[in-house]
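# Per-entry structural report
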Amino acid sequence: PPHLIMLSLLHAPAAFSGPAPALRIPASSPMMRAEGEIGVTPPLGVYDPLNLLRTPVTYPRRDYERYVELEIKHGRVAMLATLGVITTEAGFRWPGYISKSLDLKFSDTPGGALDSYAAVPALGWLQIVGFVIFLELAYGDTPPGNAPGDIG
């Protein structure tokens, strides 16, 4: 059959090629940390190809604790957003108006994340974003000496 002949001709040059070259580990290979530290995955250690764990930190990057703090903060925001979607899908709404001038009540807004995004007026989103920015600037930083994410 012609397709077998073509297949054998396709793989014939591979028989005459040499062995694959050995992989060399570069001098700037990722640093592996000790057991028990943050990010250690037994038996591999810490894989840090971007060198985010490096200290001292140079501009514009921040230290690793800042990344841990931001990850915790974004996780908390995601959990609150999920709870908000579940709550509105279950039918719980604030009493009253979301916009008195547009005659739009909270009960009129749909429950889904994308549907409710489209239903809220732009001025409402401006108020929400402004409030989140205020909370971030006023209460967002972890006090010195506290563990990352411990804002209390």
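Counting from 1, residues in each chain are numbered in the order their sequence is written. In keeping with the predicted nature of the model, local features appear solely for residues at pLDDT of at least 70, side-chain atom pairs appear and are counted solely at 80 or more, and the whole-chain, interface and lining totals rest on all residues. Calculated side-chain values reflect all of the structure's heavy atoms, with hydrogen atoms and water omitted.

### Details of the overall build of the chain
Counting secondary structure elements, the chain contains 4 helices and 2 strands. Put simply, DSSP marks the helices as runs of H or I at least four residues long and the strands as runs of E at least two long, and each gets a number from the N terminus on. Order of helices (α) and strands (β) in the chain, N terminus to C terminus: α-α-β-β-α-α. Accessible area is worked out with a 1.4 Å probe on protein chains only. A residue is then buried under 20% of its type maximum, exposed over 50%, and partly exposed in between. By residue count, 13% of the 152 residues in the chain fall in the buried class. Whether two residues touch is decided by their heavy atoms; if any such pair falls within 4.5 Å, the residues are in contact. When contacts within the chain are restricted to residue pairs at least 6 apart in sequence, long-range pairs at least 24 apart make up 19% of them. Reported accessibility uses the Shrake-Rupley method at a 1.4 Å probe radius. Residues are deemed covered only where the shown protein chains occlude them. Entry remark: accessible area of the chain is about 12,600 Å², with carbon and sulfur atoms responsible for 68%.

### A look at the side chain of Lys-73
The topology assignment puts Lys-73 in helix 2 (residues 64-89). The class for Lys-73 is buried, based on a relative accessible area of 17%. Think of a polar contact as two N or O atoms within 3.5 Å of one another; within protein, one of them needs to be a possible hydrogen donor and the other a possible acceptor, and neighboring residues in sequence only count if both atoms come from side chains. Among the polar contacts listed, one links the side chain of Lys-73 to the side chain of Glu-136, at a separation of 2.7 Å. Once residues within four sequence positions are removed from consideration, Lys-73 is found in contact with Glu-136 and Gly-140.

### Focus on the confidence of the model for the chain
Of the residues in the chain, 68% reach a pLDDT of 70 or more, and the chain-wide mean stands at 77. A score from 0 to 100, pLDDT tells how confident the predictor is in each residue. The secondary-structure element of the chain with the lowest mean pLDDT is helix 1 (residues 2-11), recorded at 74, while strand 2 (residues 104-105) shows the highest, at 90.

### Considering the side chain of Thr-109
Tracing the backbone shows Thr-109 in the loop between strand 2 and helix 3 (113-119). Here the side chain of Thr-109 touches Phe-106 through a polar contact of 2.7 Å, landing on its backbone oxygen. If we ignore the near neighbours within four places in the chain, the residues touching Thr-109 are Arg-93, Ile-98 and Ala-119.

### As for the packing of aromatic side chains
Side-chain rings of Phe, Tyr and Trp (the six-membered ring for Trp) are treated as a pair once their centres are within 6.5 Å; stacked means planes under 30 degrees apart, edge-to-face means over 60, and tilted covers the remaining angles. With the rule as written, the count across this model stands at 2 aromatic pairs. Seen from their ring centres, Tyr-117 and Trp-125 are 5.2 Å apart, and the 45° between their planes marks the pair as tilted. On the basis of relative accessible area, Tyr-117 is assigned to the exposed category, the value being 53%. When the ring of Phe-134 is compared with that of Tyr-139, the centres are 6.3 Å apart and the planes differ by 90°; the resulting orientation is edge-to-face.

### Looking at the pattern of salt bridges
Basic side-chain nitrogens of Lys or Arg form a salt bridge, by our definition, when they fall within 4 Å of a carboxyl oxygen of Asp or Glu. This structure, assessed with the given rule, holds 1 salt bridge. Notably, a salt bridge pairs Glu-136 with Lys-73, separated by 2.7 Å at the nearest N-O pair. With Glu-136 in helix 4 (residues 122-139) and Lys-73 in helix 2, this pair connects stretches of sequence that are 63 residues apart.

### Considerations on unusual backbone geometry
With a phi close to 55°, Asp-103 is a non-glycine residue in the positive phi region. Examined against the element boundaries, Asp-103 turns out to sit in the loop between strand 1 (97-99) and strand 2.

### Brief notes about the environment of Phe-106
Tracing the backbone shows Phe-106 in the loop between strand 2 and helix 3. Spatially, the C-alpha atoms of Phe-106 and Trp-94 are 5.8 Å apart, while their sequence positions differ by 12 residues. Excluding its chain neighbours within four sequence positions, the residues that come into contact with Phe-106 are Arg-93, Trp-94, Pro-95, Gly-96, Tyr-97 and Ile-98.

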